[in-house]
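Coordinate analysis (summary)
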Amino acid sequence: MSSPETTLELYDDGAESPSELMSGEMTVTSAPRNTTDPNSPDFNTLDEPIRDTIMRDVKAVGVKFYHVLIPREKNTLLRDWDLWGPLVLCTFMATILHGSSDEMHDGGPEFAQVFVIVWIGAMIVTLNSKLLGGKISFFQSICVLGYCLTPCALALIACRIILFSTQTAFLFFLRFVVSSVGFGWATYASIIFLGDSQPPNRKALAMYPIFLFYFIISWLVVSHSNV
C-alpha cells in the first residue's frame, strides 16, 4: 500500500519561475558619503580611516568640555552623550587626590574612593532624578554629571599649584576660594543642562543631590594637602 505523494509548492500557478524572481542587478551608488555631519541621516563612516574616527570623537569630547565651561546651549551634552570625558576627568582627579606623603599608605584606597564617590554618586543622583519623574535617560544624566566635573578638575589643578608654596592661612583661604568657585561653576552648569528635565514642582528635590554631589567632590579638592 503506497502513501499519497506529498509535494511542497513554492509557487502558485502562473507565478514567475525561481530564476525570474531572483534575476536583477546589484549596483552601488557612486555618490559621496557624508562623513562630516553625524546628525545627518546619510552619515556613514564605514570607509573612514581610524585616525579620522578618533579625531572626530576627540573633537566631540572637546566641544562638550567647552559647553560645560560656557553653558549656553542646553542640549549639547544631552544629544550625543558619551562617557569618555567623565572617565578622563575621574581618572585624572583620582590620580592627583590619591597621593600621600605617609609611607604607611600607598594611596590605593583613596584612588578607589574617588572612583566610588564619582560613579556611585552620579548613579544615585541619576536614580533620584528618574524617581522624581525626570525626562532624561540614565546615561545622559551620567554624562552631564561627569562632564560638569570640569570646573572641579580645574580647581584641583590650581590648588595643586598653590600647594608647592609654603602653606599659610592666606594660601589655605585662596584654595578654599578656588574650590568654592569650582563647586559653584559645576553646580550651575549641571543645573543648566538638567534643570529642564525635571517636573517644575520637583526641581528643588532633584537639585539638592546634585548640590551635595559636587560639594563632596569640592571638599576632597580643598582638603587635599599633599604635594
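Residues numbered from 1 in each chain as written. Predicted model: local features only at pLDDT ≥ 70, side-chain atom pairs only at ≥ 80, totals over all residues. Heavy atoms only, no water.

Per an unreviewed UniProt entry, the protein chain goes by the name Protein YIPF and belongs to Anopheles melas. The protein chain has a UniProt comment under Sequence similarities (unreviewed entry) that states "Belongs to the YIP1 family." (UniProt positions renumbered as here; feature names shortened; annotations may be inferred.)

1. Quick look at the overall build of the protein chain
The number of helices and strands found in the protein chain is nine helices and zero strands. Scored against the burial criterion, the 227 residues of the protein chain give a buried share of 35%. Sequence separation of 24 or more characterises 69% of the internal contacts of the protein chain that already satisfy a separation of 6 or more. For the protein chain, the exposed area adds up to about 14,800 Å²; of that, 65% sits on carbon and sulfur atoms. (Helix = DSSP H or I, 4+ residues; strand = E, 2+ residues; numbered from the N terminus. Buried < 20%, exposed > 50% of the residue type's maximum accessible area, 1.4 Å probe, protein only. Contact = heavy atoms within 4.5 Å. Areas by Shrake-Rupley, 256 points an atom, 1.4 Å probe, with all protein chains shown as cover.)

2. Examining the pattern of salt bridges
With the rule as written, the count across this model stands at two salt bridges. Where Asp82 meets Lys64, a salt bridge forms, and the shortest distance between an N and an O atom there is 3.1 Å. Of this pair, Asp82 sits in the loop between helix 3 (76-79) and helix 4 (84-97) while Lys64 sits in helix 2 (residues 50-69), and the two are 18 residues apart along the sequence. Look at Asp82 and you get buried, because its relative accessible area is 14%. For Lys64, a relative accessible area of 5% corresponds to the buried category. (Salt bridge = Lys/Arg side-chain N within 4 Å of Asp/Glu carboxyl O.)

3. Description of the UniProt feature "transmembrane region" (unreviewed entry) in the protein chain
The residues that UniProt annotates with the feature "transmembrane region" (unreviewed entry) are residues 144-163, 169-193 and 205-222. Helix makes up 100% of residues 169-193 and strand 0%. Its end C-alpha atoms lie 36 Å apart. For residues 205-222, helix accounts for 100% and strand for 0%, while the C-alpha atoms at its two ends are 27 Å apart.

4. Comments concerning the side chain of Asp82
At 3.1 Å, the side chain of Asp82 and the side chain of Lys64 are in polar contact. Within the local environment of Asp82, its side chain forms a polar contact with the backbone nitrogen of Trp84, the two atoms lying 3.1 Å apart. Setting aside anything within four residues of it in sequence, one finds Asp82 in contact with Val61, Lys64, Cys143 and Tyr147. (Polar contact = N/O pair within 3.5 Å; in protein donor to acceptor, adjacent residues only side chain to side chain.)

5. A short note on the packing of helix 2 against helix 8 (residues 169-194)
In the contact formed by helix 2 and helix 8, the axes pass within 9 Å of each other and the chain directions differ by 105°. The angle between helix 2 and helix 8 places the two elements in the roughly perpendicular class. Only Trp185, Ala189 and Phe193 of helix 8 make contact with helix 2, whose side of the interface consists of His67, Val68 and Leu69. Here the residues of the contact of helix 2 with helix 8 are counted per class, giving five nonpolar, one polar and no charged. (Axes fitted to C-alpha atoms, helices over the stretch in contact; angles between N-to-C directions. Parallel < 35°, antiparallel > 145°, perpendicular 65-115°, else oblique. Nonpolar A, V, L, I, M, F, W, Y, C, P; charged D, E, K, R; others polar.)

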